[in-house]
Amino acid sequence: MKVDLLIFNAAQATTCAAPAPKRGAALADAGVIVDGAVAIDDGVIVAVGETAALRGRYQARTQIDATGKVLCPGFVDCHTHLVFGGERVAEFERKLAGATYQELLAAGGGILSTMRATRNASLDELVAAGRRHLQAMLRLGSTTVEIKSGYGLDVATELKILAAIEQLAAIAAQDIVPTFLGAHATPPEFAGDPEGYVDLVCTEMLPAVAAWWRVSRFAAGDAPLFNDVFCEQGVFDVAQAQRVLDAGARLGLRPKIHADEFVALGGARLAIELAAISADHLDVTPPEERELLAASETVAVLLPGVNVHLGSRHFADARAWIEAGAAIALATDFNPGSAPILSLPLVMALACRYQRLRPAEALNAATINAAHAIGLGDRLGSLEVGKQADVLILNAPDYRHLVYWLGVNLVEGVIKHGRLLDLSS
Ligand SMILES: [Zn+2]
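Reading the values: rules and limits
- Counting from 1, residues in each chain are numbered in the order their sequence is written.
- Per-residue local features are limited, in this predicted model, to residues with pLDDT of at least 70; the limit for side-chain atom pairs, both in listing and counting, is 80 or more; totals at the level of whole chains, interfaces and linings are taken over all residues.
- Only hydrogens and water are set aside when side-chain values are computed; all heavy atoms of the structure are taken into account.
- Sites may look incomplete because water is not among the atoms; the donors themselves are N, O and S atoms within 2.8 Å of the metal, or within 3.2 Å for Na, K and Ca.
- For four-coordinate sites, all angles between 85 and 135 degrees define a tetrahedron; for four- and six-coordinate sites, opposite donors beyond 155 degrees with the remaining angles between 65 and 115 define square planar and octahedral shapes respectively, and all other cases count as irregular.
- Numbering of helices and strands starts at the N terminus; helices are DSSP runs of H or I of at least 4 residues and strands are runs of E of at least 2.
- Between buried and exposed lies partly exposed: a residue is buried under 20% and exposed over 50% of the maximum accessible area for its type, with that area taken using a 1.4 Å probe on protein chains only.
- Expected helix span is given by 1.5 Å per residue-to-residue step, counting one fewer step than there are residues.
- The arc refers to the directions leading from the helix axis to the C-beta atoms.
- The contact criterion used is simple: two residues touch if any of their non-hydrogen atoms lie within 4.5 Å.
- Polar contact criterion, stated in full: a pair of N or O atoms within 3.5 Å, where within protein one must be able to donate a hydrogen and the other to accept it, and residues adjacent in sequence count only if both atoms are side-chain atoms.

*Asks:* Would you mind showing me how to read the coordination of the zinc ion here?
*Replies:* Ideal geometry at a metal gives 109.5 degrees between four tetrahedral donors and either 90 or 180 degrees between six octahedral ones. The zinc ion binds to the protein through His 79 (NE2), His 81 (NE2), His 258 (NE2) and Asp 333 (OD), with metal-donor distances spanning 2.1 to 2.4 Å. Metal-centred angles of 79 to 168° between the 4 donor atoms at the zinc ion mark the site as irregular. Each donor residue of the zinc ion belongs to the same chain, with the gaps between them written as H-x1-H-x176-H-x74-D. Remark: Asp 333 occurs in the loop between strand 13 (328–330) and helix 15 (344–354) and His 258 occurs in strand 10 (residues 254–259); sequence separation between them is 75 residues. Of the two residues, His 258 and Asp 333, both sit in the buried class.

*Asks:* Can you help me understand helix 10 (residues 238–250) in this one?
*Replies:* Working note: α-helix, 3.6 residues per turn, so residues spaced by three or four point in the same direction. With 13 residues, helix 10 extends 18 Å from end C-alpha to end C-alpha; this agrees with the ideal 18 Å at 1.5 Å per step. Along helix 10, the positions that sit buried rather than exposed are Gln 240, Ala 241, Val 244, Leu 245, Ala 247 and Gly 248. Buried residues in helix 10, looked at end-on, bunch into an arc of 160°, giving them a common side. Looking at helix 10, the residues exposed on the side facing more than 90 degrees away from the buried face are Ala 239 and Arg 250. Considering only its buried residues, helix 10 is in contact with strand 8 (175–183), helix 8 (194–214), strand 9 (226–229), strand 10 and helix 11 (267–273). Two to three positions downstream of the cap, the backbone nitrogen of Ala 239 sits 3.2 Å from a side-chain oxygen, assigning the N-cap of helix 10 to Asp 237. Downstream of helix 10 by one or two residues, Gly 252 has phi in the positive range, about 95°.

So this is what it looks like as structure tokens:
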């Protein structure tokens, strides 16, 4: 049988295959095929198996000899805030010198400085910066990226960010999944009145966002739009988070939630009640809520890069989440304040060190489970027949090298939708 592409002779092909998000013992199985091969036609995986079997069955128009390399699914970064103006480099140095959060805020820093820079940026500037970030992520193996709005905090700028995300989806090599995060912080116009800002999000922003989405390339391509909220002490409480997520759900937006990053308010419980597709951070979730969330369909997204960047010694108890049976995923949380991190392999490596994930657990969490955290688990995230052909070629003979080495990029080749990409641009 004739196919477009056959990659063969791989020391290992790790399939991460599963019919649903991986939990428990399944998480520790990367689905390793020794001397593996993948056959691809028309952008779709048509066979995965041992080289001897596939070479006998398929003649390929293009062949890649992957001797000594690993094949794995393209990484899925299921939580980023990739579109923003400016950066926070000077603030980072002040923080290293001992400035407190209050001092940084008083000096005009923090999330509101990014809000100002984002409001002041043109659409073209936001797209140009976002494109640079996405190109860097692609070289690091992320072939699908979720992007949240949330640095506009007014109707016009939130729509500008979503327009930037839509343009990025048109030009980037990756699949892009949009999320509206209007309730990211309370803007200065509503200082001391988060309730008033939540009113604006529910009555003006969400209807405008839903109207944008219906005529966007995302709706046309049958891609979902998610609605996220930052549920945290001093930001939005559970009742406010519920108002935002309910209002979105009435417009067809599926809930996501930033929950339990610093203080446990009950965000994990809310995620279960509202059937959120994911609950993210979960650093301080109480055991009883962990059990409930683990038993639900909601994916638990862990973001250990944030803890490292913030200099925290406290991490989500990933082993307890796994033992409870949760479907855990990993993501960068890429943003200019708490996670200037573009590398999902680095996050996987940190999760192994600080959260004692095993290499296979980290790989599954950043591929198949991350795909389920953004509603794409049926389409991508694993090397399985019928799935979109998003395949990485790693310059290592064993997938565990991915999390063992620090500060080196092992991604040598990226195949997106069946096409080998040129990573030099
Ligand atoms: Zn986030």
